[in-house]
Amino acid sequence: MELEIWGDSMLESEWFRDLEPRLARCRIYSIGDRATNPDHIEHLILYDRPDIILCCNGVPVLVLEKTREVPTGHNIGQRLGRIVRALECNTPALTLLPFRARKHGLHTGICEINVRVLRMAIRMGTLHETPCLFIRWPVDAHGELVGDGSEAPGLRGLVEHSIDHGLELSAAPVVSTLEQMEDHARSIEVARASYVTPPASVEVRSAPRAVGRAGHRTVCIYTIEMTPAACRRQDPYTGMQFLYDYLYCRDGTDVANKHTALVLHFPRLTQSQFVSANPNDPLRKSSLWYATANELWFSDGEIVLR
Amino acid sequence: MTRVDEEFIFQSIREALEIRGWCMLAGQAARGSTDLPVVQARVGSMRGSKGALKPDLVAAIAGHLLVLELKPGFSTSDVDKCNELASSQALIDSLLTDLASRRKWPFGSSGQPERPRCFLTGIAYQGEVQHLEHAVCFALSESNQRWSTRLPLLKPLSADLITSLSI
């Protein structure tokens, strides 16, 4: 069995290698710029670069994302594109992060994960029939992260299972992790009912007209308040569009499989302002703006994408 | 001659200091997350991390604190950052408060973070070692991959601290 680790950071690649004895002697490769990697890596980095790609005999068997950030609000958005892409390529995705941890600064306090992210992961895994797992980075009683993440319960078992059998939804460690995600999501939703409905920037309602090429009559409108002075950007919006797409629109694995149209609404931008700053160029990250929505709405018109 | 990147500098200087007994408190690798929290020093009330100074590595030994900026090669902007931090008590206090709030540095009886016995800034990179007035200079040789230390010209240091810094 030939194992390879492809990573965005040598420190993280070495951390990952130390999780499993069989990885000790495997080669570590640095993920290069687009169009410089083997095909099986290029497919996975189409939207963005994940932290780790584990390959077994030249086939990706796991994508891992790791962050110390507490994913409140839409902070997690910048990481979602690469996770979505893994699922689109039928590669199991693991995200290691704190579910509940202390944020520091002027208004320090314990912050909770945006529970919609867990709901999205569970939904996405079901639709793609591929595990999309979020694993809890342990914290101490003060809410500070413990260690380097390798102590996360279940992490080593999932990596081991990836090498031995590949991760499937029915695998015992996957089922166990999904149960933990479900339990955590439910406990947060009980405490904060606002998480059960869309956030303030998202509205799901009847469409004012037939939307998209399929003529949808219900629409999920994600309003993005970018201004002309700061509209050349993607994060975290292009990641969050996937979250709302999977939660409120999708009923299949293809972006065309939607029961509700997804619209990205830019009330402060004209069409030309947006397009000149964010062209649909497959070699640029700005192409993500065009990846899943049915239509883009601007102050002076709209673009129908699909 | 082997050229290295900032990740290598991060790991290499960390290991060299740990061998000398330094304890790593915080840091920010050029890529990816590590076991260390990212801390910042800032003055004013801007949101998020705007305008904040985030050290690449913060280490302590026997009540002394060392704040390092890391680069693959010598960088005058890193020297400027060191000087900015070392010359501003408000920035130092902000950094100590952030460290203390993460339980990486002790609070004193007054409720404020304890003052370090010595507050030092420094730079680490690959190249020729430099004489700096206020900051410690750690340079990694291109030929044999060994570290050299040059102490700050204008900052008197205790003998035990000099020993700890000599990597």
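Above: the structure in question.
Figured I'd write up the structure that's included with this text. Please read all numbers here as calculations on a predicted model, not as lab measurements.

With 15 residues of chain B at the interface, the matching set in chain A holds 15 residues. Both sides together, the interface formed by chain B and chain A hides about 1,200 Å², and carbon and sulfur atoms give 51% of it. Considering only the surface of chain B that becomes buried against chain A, Glu 7, Arg 31 and Ser 33 of chain B emerge as the three largest contributors, covering 38% of it. Linking chain B with chain A are one salt bridge. The closest approach of N and O atoms between Asp 8 of chain A and Arg 31 of chain B, which form a salt bridge, is 3.0 Å. Put simply, chain B and chain A have 11 residue pairs in polar contact (both at pLDDT 80 or more) between them. Mapped by element, the contributors of at least two residues to the side of chain B that touches chain A are helix H1 (6–19) and helix H3 (89–101) of chain B. Of all the elements, H1 of chain B adds the most residues to the side of chain B that touches chain A, at three residues. Here the residues of the side of chain B that touches chain A are counted per class, giving four nonpolar, five polar and six charged.

What follows deals with the sheet that holds strand S12 (residues 295–298) of chain A. Residue and element names in this part refer to chain A. The strand order across the open sheet formed by five strands is S9-S10-S11-S12-S13, and the pairing between neighbours is mixed. Edge positions in the open sheet fall to strand S9 (202–211) and strand S13 (301–304), since each of these has one partner strand only. Adjacent strand axes in the sheet meet at a mean angle of 30 degrees, parallel and antiparallel pairs treated alike. Relative to strand S11 (residues 261–266), strand S10 (residues 216–223) is paired through five bridges, and the arrangement is parallel. Across the sheet, residue Ile 221 finds its bridge partner in S11, namely Val 263. Contacting S9, S10 and S11, helix H7 (residues 237–248) crosses the sheet at an angle of about 145 degrees to S10.

So, on to unusual backbone geometry. Residues and elements named next belong to chain A. The omega angle of the peptide bond from Asp 235 to Pro 236 is -5 degrees, so this bond is cis rather than trans. The backbone of Asn 57 shows a phi angle near 55 degrees, a positive value even though the residue is not glycine. Secondary-structure assignment places Asn 57 in the loop between strand S3 (52–56) and strand S4 (59–66). Residue Asn 57 is classed as exposed on the basis of its relative accessible area, which comes to 51%.

Moving on: H1 of chain B. Residues and elements named next belong to chain B. Along its 14 residues, H1 runs 20 Å from first to last C-alpha, staying within 8% of the 20 Å computed at 1.5 Å per residue. Turning to H1, its buried residues are Glu 6, Glu 7, Ile 9, Phe 10, Ser 12, Ile 13, Arg 14, Ala 16 and Leu 17. Directly beyond the C-terminal end of H1, a positive phi value near 100 degrees is found at Gly 21.

Next up on the list: the pairing of strand S7 (residues 109–112) of chain A. Looking along a regular strand, one sees side chains alternate from face to face of the sheet. All names here are of chain A. As paired elements, strand S6 (residues 100–103) and S7 share four bridges and run antiparallel to each other. Among the inter-strand pairings, Arg 100 is bridged to a residue of S7, identified as Glu 112. Connecting S6 to the next strand, S7, in antiparallel fashion are five residues, including Gly 105 with a positive phi near 120 degrees.

On to the packing of aromatic side chains, then. Residue and element names in this part refer to chain A. Tallied over the full model, the rule gives 12 aromatic pairs over all chains. Between Tyr 222 and Tyr 244, the ring centres sit 4.9 Å apart and the planes meet at 70 degrees, which makes this aromatic pair edge-to-face. Separated by 22 residues along the polypeptide, Tyr 222 in strand S10 and Tyr 244 in helix H7 bring together distant segments of the chain. Through a chain of ring-to-ring contacts, the aromatic side chains of Tyr 237, Phe 266, Phe 274, Trp 289, Tyr 290 and Phe 298 assemble into a single cluster. Taking the ring centre of Trp 15 as reference, the NZ or CZ of Lys 66 above it sits at 4.2 Å.

What counts and how
- Residues numbered from 1 in each chain as written.
- Chains lettered and ligands numbered in written order.
- Predicted model: local features only at pLDDT ≥ 70, side-chain atom pairs only at ≥ 80, totals over all residues.
- Heavy atoms only, no water.
- Contact = heavy atoms within 4.5 Å.
- Buried area = accessible area lost by both parts, 1.4 Å probe.
- Salt bridge = Lys/Arg side-chain N within 4 Å of Asp/Glu carboxyl O.
- Polar contact = N/O pair within 3.5 Å; in protein donor to acceptor, adjacent residues only side chain to side chain.
- Helix = DSSP H or I, 4+ residues; strand = E, 2+ residues; numbered from the N terminus.
- Nonpolar A, V, L, I, M, F, W, Y, C, P; charged D, E, K, R; others polar.
- Pairing = 2+ DSSP bridges.
- Axes fitted to C-alpha atoms, helices over the stretch in contact; angles between N-to-C directions.
- Buried < 20%, exposed > 50% of the residue type's maximum accessible area, 1.4 Å probe, protein only.
- Expected span 1.5 Å × (residues − 1).
- Phe/Tyr/Trp six-rings, centres within 6.5 Å; stacked < 30°, edge-to-face > 60°.
- Lys NZ or Arg CZ within 6 Å of the ring centre and 35° of its normal.

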